[in-house]
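# Survey of secondary and tertiary structure
The lines below spell out each chain.
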Amino acid sequence: MTVQDGKPELLVLRALKLGDLLVAVPALHALRRAYPGHRLRYAAQAWLTEALSLVGGYELLPTHGLDEPLAVKPGLVDVAVNLHGSGPESQDRIEALRARQTIGHRSRYRDGPCWRPELHERERWARLLEWHGIEADPQDYRLSVPPMASPAPASTVLHVGAAYGSRLWPVERFAALAAHLAGSGHDVIFTGGASERERALDVCRRAGLPETTVLAGNLSLGEFAATIAAARLVISADTGAAHLATAYGTPSVVLFGPAPPEIWGPPPGPHLVLTRAELRRGDTFAQDPDPALLAVSVYDVFAAVRELGLL
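Conventions we followed
Residues numbered from 1 in each chain as written. Predicted model: local features only at pLDDT ≥ 70, side-chain atom pairs only at ≥ 80, totals over all residues. Heavy atoms only, no water. Salt bridge = Lys/Arg side-chain N within 4 Å of Asp/Glu carboxyl O. Helix = DSSP H or I, 4+ residues; strand = E, 2+ residues; numbered from the N terminus. Buried < 20%, exposed > 50% of the residue type's maximum accessible area, 1.4 Å probe, protein only. Contact = heavy atoms within 4.5 Å. Axes fitted to C-alpha atoms, helices over the stretch in contact; angles between N-to-C directions. Parallel < 35°, antiparallel > 145°, perpendicular 65-115°, else oblique. Left-handed = near helix turned anticlockwise from the far one by under 90°. Phe/Tyr/Trp six-rings, centres within 6.5 Å; stacked < 30°, edge-to-face > 60°. Nonpolar A, V, L, I, M, F, W, Y, C, P; charged D, E, K, R; others polar. Core = buried A, V, L, I, M, F, W, Y, C linked by side-chain atoms within 4.5 Å. Pairing = 2+ DSSP bridges. Right-handed = clockwise from strand over helix to strand, strands pointing away.

### Structural notes on the pattern of salt bridges
One pass over the full model with this rule turns up 15 salt bridges. Put simply, Arg 108 and Asp 92 hold a salt bridge, and the shortest N to O gap is 2.8 Å. Taken together, the residues span a long stretch of sequence, with Arg 108 in the loop between strand S5 (101-103) and helix H5 (121-131) and Asp 92 in helix H4 (residues 88-95) at a distance of 16 residues. One salt bridge connects Glu 118 with Arg 116, and the closest N-O pair in it is separated by 2.7 Å.

### So, H5
For H5, the set of buried residues is Glu 121, Arg 122, Arg 124, Trp 125, Ala 126, Leu 128 and Leu 129. Among the structural elements, helix H1 (18-23), helix H2 (25-34), strand S4 (79-82), S5, helix H9 (240-248) and helix H10 (261-264) are those in contact with the buried residues of H5. Phi turns positive one or two residues past the end of H5, at Gly 133, with a value near 85 degrees.

### Some remarks on the packing of helix H6 (residues 171-183) against helix H7 (residues 197-207)
Axis separation between H6 and H7 bottoms out at 8 Å; the angle between their running directions is 50 degrees. In this view, H6 runs oblique relative to H7, as classed from their interaxial angle. Viewed along their axes, H6 and H7 form a crossing whose handedness is right-handed. In contact with Val 171, Glu 172, Phe 174, Ala 175, Ala 178 and Ala 179 of H6, H7 contributes Arg 199, Asp 202, Val 203, Arg 206 and Ala 207.

### Some words on the packing of aromatic side chains
Applying the stated criterion across every chain yields a total of three aromatic pairs. Between Trp 115 and Trp 125, the aromatic rings sit 5.8 Å apart at their centres with planes inclined by 70 degrees, giving edge-to-face as the arrangement. Taken as a pair, Trp 115 in the loop between S5 and H5 and Trp 125 in helix H5 lie far apart in primary sequence, 10 residues in all. Under the relative-accessibility criterion, Trp 115 is labelled partly exposed at 31%. Between Tyr 164 and Phe 285, the aromatic rings sit 5.1 Å apart at their centres with planes inclined by 80 degrees, giving edge-to-face as the arrangement. Residue Tyr 164 is located in the loop between strand S6 (156-159) and H6, and its partner Phe 285 is located in the loop between strand S10 (271-274) and helix H11 (291-294); the two are separated by 121 residues in the primary sequence.

### Remarks on the packing of H2 against H5
With their axes 8 Å apart at the nearest point, H2 and H5 run at an angle of 25 degrees to one another. In terms of orientation, H2 and H5 fall into the roughly parallel class. Facing H2, whose interface residues are Pro 26, Ala 27, Ala 30 and Leu 31, H5 presents Arg 122, Trp 125 and Leu 129. A breakdown of the residues in the contact of H2 with H5 according to their chemical character gives six nonpolar, no polar and one charged.

### Some remarks on the nonpolar core
Counting residues in hydrophobic clusters, the biggest one holds 48 residues, and the most contacted among them are Val 12, Leu 31, Tyr 58, Leu 83, Ile 103, Leu 143 and Leu 244. When sequence neighbours within four positions are dropped, the list of residues in contact with Tyr 58 reads Val 12, Leu 28, Leu 31, Arg 32, Leu 40, Arg 41, Tyr 42 and Leu 52. The next biggest cluster of nonpolar side chains, apart from the first, holds 32 residues, and it includes Val 160, Val 171, Phe 190 and Ala 207.

### Points about the sheet that holds strand S7 (residues 188-191)
One open sheet holds the five strands; their spatial order is S7-S6-S8-S9-S10, and the pairing between them is parallel. Edge strands, defined here as strands with exactly one partner in the open sheet, are S7 and S10. Adjacent strand axes in the sheet meet at a mean angle of 15 degrees when their direction is disregarded. Pairing between S6 and S7: four bridges, direction parallel. Following the sheet pairing, His 159 is matched in S7 by Thr 191. Contacts between H9 and the sheet are confined to S6, strand S8 (233-237), strand S9 (252-255) and S10, with S8 contributing the most and set at about 145 degrees to the helix. Sitting on the sheet, helix H12 (residues 298-307) touches S8, S9 and S10, and the angle it makes with S10 is about 160 degrees.

### A look at helix H8 (residues 221-229)
The element H8 is extensively covered by neighbouring structure, given that seven of its nine residues are classed as buried. Taken together, the buried positions of H8 are Leu 221, Gly 222, Phe 224, Ala 225, Ala 226, Thr 227 and Ile 228. Where H8 is buried, its residues touch H1, helix H3 (49-55), S6, S7, S8 and H9.

### A closer look at the pairing of S9
Taking every second residue as pointing to the same face, both faces of S9 are buried, with Ser 252 and Val 254 on one and Val 253 and Leu 255 on the other. Inspection of the sheet shows S8 paired to S9 by four bridges, in the parallel sense. Pairing of Ala 237 across the sheet is with Leu 255, part of S9. Where the polypeptide runs from S8 across H9 and back to S9, its parallel neighbour, the crossover connection is right-handed. When S9 meets S10, the two strands line up parallel, connected through four bridges. If you follow Ser 252 over to S10, its bridge partner there is His 271.

Take a look at the structure:
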């Protein structure tokens, strides 16, 4: 094990997306408390750097999935933590580090807790650390407030995109929702990534709202987090936007399709989940929306916003 800058290194592998980072926050906080003298690094995609800074204490090691070995010399890492999964691909990447201590689920290499697929993600990773003797609270999911101001404070955020077609609620429903909320006094804005801007513009036009309400593709990740943190309400599929709303206690309505909210959903609080579990097909990578998502109507969302006291 090599000591760099006078500190031993702890490396967390979770080479996934924004929502995956956010459900791992309780475990990341616990590791930071347990290893205050270590240099902390988080192996994930480089675009997550701004979001990782809101967790506090971690540097990002650019890592695109598990296709290539981690860019770390064997023997450099003191503590290696597998928060990516329990499969052989992530286990092999962790073992290749030759760390002094490895934290992970049970594998062919070493002992650990067995993988329990029914656990909520926040609970899963807290339980993993507890097994290894590290105190962790699955409710410790809050992020630091972004350093920049929101470009649209007190707005109602409609995050109309998602990583996969299985999570895309129809544009005409988002448009009807947006028009109704705007007519009820909500300052509606549309968010999403650069690849989702055309979809957001389509929803905006159908809703009869000005194009200036479309922020999709124009926000850095830090600005996006600031927007969610200062929002009046967030309406989104099961995406990073919904997890940011959880992290900042922003009231939210989350539309679930292929993923079960029991594993990925928000905690109790000003967050409501809408889905039809009995219709779920469960194919995350499908190109068309999951039936559990399509069964959620515009009226269902209105009712949820009303239940939150915001309509």
